[in-house]
Amino acid sequence: MYLAHFPRRFLAHLPTPLEKLDRLSAELGGPEIWIKRDDCTGLSTGGNKTRKLEFLMAEAELQGADVVMTQGATQSNHARQTAAFAAKMGMGCHILLEDRTGSNDPNYNDSGNVLLDHLHGATTEKCAGGLDMNAEMEKAADALRAKGKKVYTIPGGGSNATGALGYVNCAYEMLTQFNERGMTVDHIVHATGSAGTQAGLITGLKATNAKVPLLGVGVRAPKAKQEENVYNLACATADKLGCSGVVAREDVIANTDYVGDGYGIATDSGLEAIRMFAELESILLDPVYSAKGAAGLIDLIRKGHFKKGERIVFLHTGGSAALFGYQFAFDYADRWKTAG
Ligand SMILES: *Cc1c(COP(=O)(O)O)cnc(C)c1O
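Residues numbered from 1 in each chain as written. Predicted model: local features only at pLDDT ≥ 70, side-chain atom pairs only at ≥ 80, totals over all residues. Heavy atoms only, no water.

## Regarding the overall build of the protein
Right, on to step 1. From N to C terminus, the protein includes 11 helices and 10 strands.
Right, on to step 2. The C-alpha radius of gyration of the protein comes to 19 Å, within 12% of the 20 Å expected for a compact globule of 340 residues.
Right, on to step 3. In terms of overall dimensions, the protein has C-alpha extents of about 60 × 55 × 35 Å along its principal axes.
Right, on to step 4. Buried positions account for 57% of the 340 residues belonging to the protein.
Right, on to step 5. Long-range contacts, defined here as pairs at least 24 residues apart, represent 80% of the contacts in the protein between residues at least 6 apart.
Right, on to step 6. Taken as two groups, the 35 positive and 39 negative side-chain charges of the protein have centres that lie 3 Å from each other. (Helix = DSSP H or I, 4+ residues; strand = E, 2+ residues; numbered from the N terminus. Rg over C-alpha atoms; globule rule 2.2 N^0.38 Å. Buried < 20%, exposed > 50% of the residue type's maximum accessible area, 1.4 Å probe, protein only. Contact = heavy atoms within 4.5 Å. Lys, Arg positive; Asp, Glu negative; His and termini not counted. Charge placed at Lys NZ, Arg CZ, Asp CG, Glu CD.)

## Examining the packing of aromatic side chains
For any two aromatic rings, the description comes down to two numbers: the centre-to-centre distance and the angle of the planes.
Right, on to step 1. This model, assessed by the stated rule, comprises five aromatic pairs.
Right, on to step 2. Both rings, one in tyrosine 263 and one in tyrosine 289, keep their centres 5.8 Å apart while their planes meet at 75°; by these two values the pair is edge-to-face. Highlighted residues: tyrosine 263 in the loop between β9 (254-255) and α10 (268-281) and tyrosine 289 in the loop between α10 and α11 (290-302), separated in sequence by 26 residues.
Right, on to step 3. According to the relative accessible area criterion, tyrosine 263 is buried, its value standing at 10%.
Right, on to step 4. Put simply, the rings of Tyr108, Tyr326 and Phe328 pair up and form one aromatic cluster.
Right, on to step 5. Sitting over the face of the ring of tyrosine 289, lysine 49 holds its NZ or CZ atom 5.4 Å from the ring centroid.
Right, on to step 6. The ring of tyrosine 167 carries arginine 51 above its face, with NZ or CZ at 5.7 Å from the centroid. (Phe/Tyr/Trp six-rings, centres within 6.5 Å; stacked < 30°, edge-to-face > 60°. Lys NZ or Arg CZ within 6 Å of the ring centre and 35° of its normal.)

## Quick word on the state of the cysteines
Right, on to step 1. Inspection of every chain in the model, using the stated rule, returns zero disulfides.
Right, on to step 2. Cysteine 170 takes part in no disulfide bond, and the closest cysteine sulfur, belonging to cysteine 40, lies 12 Å away.
Right, on to step 3. Its sulfur unpaired, cysteine 235 is 10 Å from the next cysteine sulfur, which belongs to cysteine 243. (Disulfide = S-S within 2.5 Å.)

## Examining the sheet that holds strand β3 (residues 67-73)
Right, on to step 1. An order of β5-β4-β3-β6 is seen for the four strands of this open sheet, with the pairing classed as parallel. Because the sheet does not close on itself, it has two edges, and the strands there are β5 (123-128) and β6 (151-153). Across this sheet, the average inter-strand angle for adjacent strands is 25°, counted without regard to direction.
Right, on to step 2. With seven bridges joining them, β3 and strand β4 (residues 92-99) adopt parallel strand pairing. Looking at the pairing, valine 68 lines up with cysteine 93 of β4. (Pairing = 2+ DSSP bridges. Axes fitted to C-alpha atoms, helices over the stretch in contact; angles between N-to-C directions.)

## Here we look at the site of the ligand
Right, on to step 1. Among the 17 residues in the neighbourhood of the ligand, the closest are listed as Lys49, Lys52, Ser194, Thr197 and Thr317.
Right, on to step 2. Between the ligand and lysine 52 there is a distance of 2.5 Å, counted from an oxygen atom to a side-chain nitrogen or oxygen.
Right, on to step 3. Between an oxygen atom of the ligand and a side-chain N or O atom of serine 194, the distance comes to 2.5 Å.
Right, on to step 4. Within the complex, 98% of the 380 Å² of free accessible area of the ligand lies under protein.
Right, on to step 5. Elements that contribute at least two residues to the shell around the ligand include exactly α2 (49-62), β7 (187-192) and α8 (196-207).
Right, on to step 6. In terms of residue class, the shell around the ligand is built from three nonpolar, 11 polar and three charged. (Near = heavy atom within 4 Å. Polar contact = N/O pair within 3.5 Å; in protein donor to acceptor, adjacent residues only side chain to side chain. Areas by Shrake-Rupley, 256 points an atom, 1.4 Å probe, with all protein chains shown as cover. Nonpolar A, V, L, I, M, F, W, Y, C, P; charged D, E, K, R; others polar.)

## Notes on the sheet that holds β9
Right, on to step 1. Strand order across the open sheet formed by six strands is β1-β2-β10-β7-β8-β9, with mixed pairing between neighbours. The open sheet has two edge strands with one neighbour each: β1 (18-20) and β9.
Right, on to step 2. In this structure, strand β2 (residues 32-37) lies alongside strand β10 (residues 311-316), joined through six bridges in parallel fashion. Looking at the pairing, isoleucine 33 lines up with isoleucine 312 of β10.
Right, on to step 3. Lying on the sheet, α11 is in contact with β2, β7, β8 (214-218), β9 and β10; it crosses β10 at an angle near 165°.

## Examining the pattern of salt bridges
Right, on to step 1. The full count for this structure, using the stated rule, is 19 salt bridges.
Right, on to step 2. Arginine 9 is the salt-bridge partner of glutamate 61, the closest N and O atoms lying 3.3 Å from each other. Pair noted here: glutamate 61 is in helix α2 and arginine 9 is in the segment before β1, with a separation of 52 residues, a long-range link.
Right, on to step 3. For glutamate 61, a relative accessible area of 42% puts it in the partly exposed group.
Right, on to step 4. Owing to a relative accessible area of 27%, arginine 9 belongs among the partly exposed residues under this scheme.
Right, on to step 5. Note that lysine 20 is salt-bridged to aspartate 22, the shortest N-O span being 3.5 Å.
Right, on to step 6. Since its relative accessible area comes to 38%, lysine 20 is described here as partly exposed.
Right, on to step 7. Of the residues examined, aspartate 22 reaches a relative accessible area of 47% and is grouped as partly exposed.
Right, on to step 8. It is possible to trace a salt-bridge network through shared partners that takes in Lys36, Asp38, Arg51 and Glu173. (Salt bridge = Lys/Arg side-chain N within 4 Å of Asp/Glu carboxyl O.)

Okay, structure coming up:
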């Protein structure tokens, strides 16, 4: 099985680094923690959507699209990476941003990822929370098509079987890095949302018979719903690859204990994870995704679920640009002081 026959627009900085987190591992006193740096994919502050967009944007180009359209939450990292990818390809980009949090904070609404969407030339429109956003997007796309535009629509998070190929590729990339270093891995952990990352990874891991367990830490949906979304997309991805049936339902595991009050609402455990990664490892997490994923990792180590003697890889899916949209969640007034 190989990926080379799928259209792909190479743009990400790959392979992303795989690094050992000595200070975090020592602080927690449990397993050896490594990090796969998909926050370093290179496109406009990086992140996991770039791998998916390599396959999606190649398809858009082949179909002769002049505009791409996508949707996400206000501080969507996917929207920002799509805007940047479209700019690089000389395509127009229009984004529907769903107000999932109801925040009136000016940074949340105009800084962080939203500022970058606009810097890359994309236009945005705001939608009320709770709508069927993919349906709203198709309506907006039809309006543009009626004006003669060739529109390619990308679902939220870039999560369809085409986008998930990017994470099948990431599974291969990680296995190659493990093999090159003679490194056994007991678990891979990452944040899971629109499901494409976990679906692609589990398909790649199962198709290669890697036997490395994968845990997705949820950021929105309840466990049963999240696992069902991932499983269905993994099946579609395996079909596309010609290896139907490699993923079993029980291979898909999500832990949704770290969502807190809801999607995009910062949690205490996530803010603690942000501080620990920043102060111990100089790595930036984001409050919406990677911090909740890391909070799950940290808590499961503290509870002894992941133990000394094991080796865990945390896949960092990016999102640091959102920090500037969430300044209100942090209080660092006490860091302003005179020395001594
Ligand atoms: C989108 C996103 C995720 C979740 O990936 P999915 O493929 O949507 O499950 C995790 N982390 C960050 C920073 C993201 O932007």
